[in-house]
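Per-entry structural report
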Amino acid sequence: MKLALLATLAGSAAAFAPAQTGALSTALNADFSKELGVQMPLGYFGGGFLKDADQERFDRLREVELKHGRISMLAVTGYLTTAAGIRFPGAEDIPDGFAAWGALAKTQDGCNVLLQMAFFFGLAEIINRPAEWADVTPEFPGDYRNGAIDFGWDKQTDEWKMRKRAIELNNGRAAQMGILGLMIHEINGVSVLPGNYLPGH
């Protein structure tokens with residue numbers, strides 16, 4: 001568990017590394033300083049990941065950033081929901097925070113829940129990707145609609161779409177820092193929640 005947290009921390013810290021300031025010199029290098037996501041408060045930074053990168057690498061990193069942001073938004077929501085005492089019926093005795101993992105592993109019903117979670121994660125990973133078999137080209141990196149889900153997206157203006165994509169990107173970045181902060185505070189026994197509540201304790 002500590003190794004996973006350290007890996008997460010190292011990956012998150014890379015986002016705040018200073019940007020390379022040298023001139024781009026080869027045809028393979030692209031100027032990403034005008035891409036979506038270059039916005040306040042950080043502006044443009046590559047953290048070394050974009051050195052000598054082409055558009056394909058940038059798009060892959062953007063897709064990974066979006067996916068991690070979406071997962072982190074769900075994680076923060078789930079963490080705060082269980083910290084507020086909200087549980088599914090039958091799970092009222094399961095503690096919140098990291099203590100939930102051990103409590104679930106102690107019973108057969110809990111193991112079933114863990115298996116269901118693993119199945120859901122696998123299914124979500126399979127579904128949330130561009131569907132090459134559907135012969136649909138994604139509009140942008142992280143576009144997993146695959147021609148099946150629209151909710152009025154295609155009727156909106158390009159400015160509206162860019163604004164919504166920028167909001168999702170910023171919310172995802174904030175959620176990645178938020179869930180990391182919640183986990184580290186819980187491990188260190190320091191509450192950041194109202195009433196000094198500390199999940200799992």
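Residues numbered from 1 in each chain as written. Predicted model: local features only at pLDDT ≥ 70, side-chain atom pairs only at ≥ 80, totals over all residues. Heavy atoms only, no water.

1. Quick look at the nonpolar core
Here is the rule we go by: In this text, buried Ala, Val, Leu, Ile, Met, Phe, Trp, Tyr and Cys residues form a nonpolar core when linked through side-chain atoms within 4.5 Å. Burial classification: accessible surface area is computed with a 1.4 Å probe over protein chains only, and a residue below 20% of its type maximum counts as buried, one above 50% as exposed, and the rest as partly exposed. A run of H or I in DSSP counts as a helix once it spans at least four residues, and a run of E counts as a strand once it spans at least two, with each numbered from the N terminus.
By size, the foremost hydrophobic cluster in this structure holds nine residues: Val76, Tyr79, Ala83, Ala175, Ile179, Leu180, Leu182, Met183 and Leu193. Elements supplying a minimum of two residues to this core: α2 (55-83) and α5 (158-188). Ranked by residues supplied to this core, first place goes to α5 with five residues.

2. Looking at the side chain of Arg62
We apply this condition: Within 3.5 Å is the distance limit for a polar contact, defined as a pair of N or O atoms, with the added protein rule that one can donate a hydrogen and the other accept it, and that residues adjacent in sequence qualify only through two side-chain atoms. The contact rule is simple, with two residues in contact once any of their heavy atoms fall within 4.5 Å.
Here Arg62 is to be found in helix α2. On the accessibility criterion, Arg62 (9% relative accessible area) is buried. A polar contact of 3.2 Å, which involves the side chain of Arg62, links it to the side chain of Glu65. Not counting residues within four places of it along the chain, the set of residues in contact with Arg62 comprises Leu36, Gly37, Pro141, Leu169 and Arg173.

3. Focus on the packing of aromatic side chains
What counts is decided by this rule: Each Phe, Tyr or Trp ring (for Trp, its six-membered ring) is paired with any other whose centre lies within 6.5 Å, and the angle between the two planes then decides the class: stacked below 30 degrees, edge-to-face above 60, tilted in between. Each ring is checked for a lysine NZ or an arginine CZ that lies within 6 Å of its centre and within 35 degrees of its normal; such an atom marks a charge sitting over the ring.
On inspection of all chains with the given rule, the structure shows three aromatic pairs. Ring centres of Phe140 and Trp153 lie 6.0 Å apart, and the angle between their planes is 50°; on these two criteria the pair is classed as tilted. Here the residue Phe140 occupies a position in the loop between α4 (108-127) and α5, and Trp153 occupies one in the loop between α4 and α5, the gap between them amounting to 13 residues. Here Phe140 and Trp153 have matching classes, each one buried. Ring-pair connections join several aromatic residues into one group, and the members of that group are Phe140, Trp153 and Trp160. Positioned over the ring face of Phe140 is Arg165, at 4.1 Å from the centre of the ring.

4. Description of α5
The criterion, for reference: To estimate the expected span of a helix, count its residues, drop one, and scale the result by 1.5 Å.
A rise of 1.5 Å per residue sets the reference length of α5, with its 31 residues, at 45 Å; its end C-alpha atoms lie 45 Å apart and thus fit the reference within 8%. Three or more residues of α5 are buried, namely Lys161, Arg165, Ala166, Leu169, Gly172, Ala175, Ile179, Leu180, Leu182, Met183 and Glu186. Following α5 by one or two positions, Gly189 has its phi on the positive side, about 75°.

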